[in-house]
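If you want the building blocks of each chain, they are given just below.
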Amino acid sequence: MGAREPGALAAPGEIALCVPHLAGNEWAYVKDCLDTNYVSSVGSYVTRFERAIADRVGVPHAVATVTGTAALHIALLVAGVEPEDEVLVSTLTFIAPVNAIRYVGAIPVFIDAERTFWQMDPDAVREYTTTQCTWSGGVLRNRVSGRRVRAILPVHILGHPVDLEPLAQLAREYALTLIEDATESLGAAYRDRPVGSIGHLACFSFNGNKLITTGGGGMLVTANASWARRAKYLTTQAKDDAIEFVHGEVGYNYRLTNVAAALGCAQLENLDQYIDAKRRIAQTYTTAFTNVSGLTPMTEAPWGTSVWWMFTVLVDPDAFGCDSRALLHELANEGIQARPLWQPIHQSPSSPSEERRACPVADALNAMALSLPCSVGLTERDQARVIDAVLRAGRRPLEA
Ligand SMILES: *Cc1c(COP(=O)(O)O)cnc(C)c1O
């Protein structure tokens with residue numbers, strides 16, 4: 001059997017990596033949209049979904065967007081990030097936040113991960129600001145290029161919070177905007193505060209494989225009322241006069257539809273239940289793998305609470321008996337979807353070579369990591385099948 005696109009719906013008998021769970025009021029709310037003829041960008045569910053996310057995250061304002069990537073783009077614009085500014089961003093991430101940095105013409109500075117929880121390393125950020133930058137006249141600049149450093153964009157990967165306090169401290173010290181990419185971590189907490197409530201701005205995604213889904217969708221949250229107003233303005237074509245169609249500047253059509261927002265309202269009602277399921281799945285894997293030589297399951301940092309979005313293990317080939325990619329193929333042969341972590345973006349062919357910086361931890365994690373099936377609806381029986389297949393793959397070379 002060939003490797004299928006990860007995240008694709010599973011074929012019969014196959015175990016998917018991470019698929020949506022639609023078991024609440026989704027049908028009822030979508031039917032309401034169809035019954036009332038409010039299927040597009042006007043309708044009560046958009047406002048209701050914005051309110052519900054703002055309340056859940058504990059931030060006054062939320063603006064719905066068509067994708068999480070669009071939310072990141074708008075967050076950078078309202079933060080005033082300009083062409084040629086530098087933005088410090090996690091290298092070990094899905095590429096979306098880096099693409100958003102490029103949309104505004106800014107330059108990403110790739111920051112390595114820390115070894116233990118695989119998140120953006122605050123010490124690496126501190127090292128960059130102290131050794132590569134100058135602070136003068138209230139502006140932090142790259143000492144070689146002279147570029148202004150404008151923002152820090154940490155990504156809470158895999159459902160786990162970044163260690164935010166040292167980053168918030170750096171942001172205060174150097175007048176930088178802190179933008180949380182919380183797209184993979186709705187419901188996670190940093191020191192008892194919801195992720196998304198600590199930065200000046202934060203973004204969520206409701207793509208099909210995220211904690212909750214609207215099919216596709218995103219949200220920007222902020223405590224800054226004028227930024228929220230500006231985000232709404234930019235996401236709705238920057239319209240100054242709705243009757244005469246007067247537009248004050250270049251805007252975007254980044255609106256979420258009422259149908260999508262209706263799905264989101266229903267999904268959010270079940271978020272806590274989904275997080276419980278994710279945590280249970282993670283505990284079962286952790287128990288099964290803890291004493292297996294060469295397998296290191298994800299763990300939770302003392303500074304936070306993970307929502308275990310994408311359960312991931314590190315595979316040490318010498319100790320385990322095969323490497324992460326061989327394990328990926330073994331699992332695919334048994335109809336089990338798995339996937340490596342993303343190519344670190346400092347290695348991406350889309351990143352110009354002059355932006356390459358050494359990020360050895362992210363490189364090592366990329367070589368060793370594999371994410372395993374963790375859909376909210378994963379059955380105990382299917383999870384037992386995954387565990388069994390992983391353990392057999394590790395033993396195989398010894399038996400040969
Ligand atoms: C999913 C994701 C996004 C946003 O994705 P969209 O598909 O545009 O909603 C952004 N950043 C990260 C790290 C993601 O995983």
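Summary of the structure given here. What you are looking at is a predicted structure, and each value in this text was computed from that prediction instead of being measured. (Residues numbered from 1 in each chain as written. Predicted model: local features only at pLDDT ≥ 70, side-chain atom pairs only at ≥ 80, totals over all residues. Heavy atoms only, no water.)

### As for the packing of helix α3 (residues 68-78) against helix α4 (residues 96-103)
Alright, step 1. As a packed pair, α3 and α4 sit with axes 9 Å apart at the nearest point and diverge in direction by 45°. The angle between α3 and α4 falls in the class oblique. Of the two possible hands of crossing, α3 and α4 adopt the one that is right-handed. Here α3 contributes T69, L72, H73 and L76 to the contact with α4, which in turn contributes A96, P97, A100, I101 and Y103.
Alright, step 2. Split by residue class, the contact of α3 with α4 holds seven nonpolar, two polar and no charged. (Axes fitted to C-alpha atoms, helices over the stretch in contact; angles between N-to-C directions. Helix = DSSP H or I, 4+ residues; strand = E, 2+ residues; numbered from the N terminus. Parallel < 35°, antiparallel > 145°, perpendicular 65-115°, else oblique. Left-handed = near helix turned anticlockwise from the far one by under 90°. Contact = heavy atoms within 4.5 Å. Nonpolar A, V, L, I, M, F, W, Y, C, P; charged D, E, K, R; others polar.)

### Comments concerning the packing of α3 against helix α7 (residues 225-235)
Alright, step 1. Interhelical geometry of α3 versus α7 gives an angle of 125° and a closest axis separation of 10 Å. By the angle class used here, α3 and α7 are oblique. Crossing angle aside, the handedness with which α3 passes α7 is right-handed. The residues of α7 that touch α3, namely those facing I74, L77 and V78, are W227, R230, A231, L234 and T235.
Alright, step 2. Classifying every residue of the contact of α3 with α7 by side-chain character gives six nonpolar, one polar and one charged.

### Topic: empty space enclosed by the protein
Alright, step 1. Considering all chains together, one arrives at two cavities of 30 Å³ or more under this definition.
Alright, step 2. Reported here for the largest cavity is a volume of approximately 80 Å³.
Alright, step 3. Taken together, 15 residues form the lining of the largest cavity, with V19, P20, H21, K210 and L211 sitting closest to its centre.
Alright, step 4. Of the residues assigned to the lining of the largest cavity, the class counts are seven nonpolar, six polar and two charged.
Alright, step 5. Each of domain 1 (26-268) and domain 2 (271-395) accounts for three or more of the residues forming the lining of the largest cavity.
Alright, step 6. Considering only enclosed or pocket space, the second largest cavity measures out at about 40 Å³ in volume.
Alright, step 7. If you go around the second largest cavity, the residues you meet are S90, T91, L92, I111, D112, A113, W118, Q119, M120, V155 and I157. (1 Å grid on protein atoms, 1.4 Å probe; cavity = no way out; pocket = protein on both sides within 12 Å on 5 of 7 lines; lining within 4 Å. Points joined across faces, edges and corners; volume = space filled by probe spheres on them. Domains from an automatic or database assignment.)

### Topic: the pattern of salt bridges
Alright, step 1. Tallied over the full model, the rule gives 15 salt bridges.
Alright, step 2. We note a salt bridge from R147 to E86, for which the minimum N-O separation is 4.0 Å. With a gap of 61 residues between them, R147 in the loop between β5 (139-142) and β6 (149-153) and E86 in strand β2 (residues 86-90) connect regions that are remote in the sequence.
Alright, step 3. A relative accessible area of 27% places R147 in the partly exposed class.
Alright, step 4. The salt bridge involving R102 is made with E355; its shortest N-O contact spans 2.8 Å. With R102 in helix α4 and E355 in the loop between α11 (324-333) and α12 (360-368), this residue pair connects regions lying 253 residues apart in the sequence.
Alright, step 5. Take R102: its relative accessible area is 26%, and that puts it in the partly exposed class. (Salt bridge = Lys/Arg side-chain N within 4 Å of Asp/Glu carboxyl O. Buried < 20%, exposed > 50% of the residue type's maximum accessible area, 1.4 Å probe, protein only.)

### Observations regarding the layout of surface pockets
Alright, step 1. Put simply, the largest pocket is a space of about 410 Å³.
Alright, step 2. Of all the secondary structure elements, the ones that give two or more residues to the lining of the largest pocket are α3 and α4.
Alright, step 3. Counting residues per element, the lining of the largest pocket draws most heavily on α3, at three residues.
Alright, step 4. Of the residues belonging to the lining of the largest pocket, the class tally is 11 nonpolar, 12 polar and four charged.
Alright, step 5. Two domains share the lining of the largest pocket, each providing at least three of its residues, namely domain 1 (26-268) and domain 2 (271-395).
Alright, step 6. Quantified by volume, the second largest pocket comes out at close to 280 Å³.
Alright, step 7. For the second largest pocket, the lining is made up of 14 residues, of which E86, N142, R147, E354 and E355 are closest to its centre.
Alright, step 8. The leading source of residues in the lining of the second largest pocket is strand β3 (residues 107-111), at four residues.
Alright, step 9. In terms of domain composition, the lining of the second largest pocket takes at least three residues from each of domain 1 (26-268) and domain 2 (271-395).

### Some details on the environment of M368
Alright, step 1. Structurally, M368 can be placed in helix α12.
Alright, step 2. Taking the C-alpha atoms as reference, M368 lies 10.0 Å from T312; in sequence the two are 56 residues apart.

### A short note on the environment of I198
Alright, step 1. Relative to the helices and strands, I198 is located in the loop between β9 (193-194) and β10 (201-205).
Alright, step 2. Sequence separation between I198 and V59 is 139 residues, and the spatial gap between their C-alpha atoms is 9.1 Å.
Alright, step 3. Excluding residues within four positions of it along the chain, I198 makes contact with L164, E180, Y190 and R193.

### A few points about the site of the ligand
Alright, step 1. Looking at the ligand, there are 16 residues lining it, with G68, T69, E184, S205 and K210 nearest.
Alright, step 2. At a separation of 2.8 Å, an oxygen atom of the ligand approaches a polar backbone atom of G68.
Alright, step 3. Here an oxygen atom of the ligand and a side-chain polar atom of E184 are 2.5 Å apart.
Alright, step 4. Protein contacts shield 91% of the accessible area of the ligand, which totals 380 Å² for the unbound molecule. (Near = heavy atom within 4 Å. Polar contact = N/O pair within 3.5 Å; in protein donor to acceptor, adjacent residues only side chain to side chain. Areas by Shrake-Rupley, 256 points an atom, 1.4 Å probe, with all protein chains shown as cover.)

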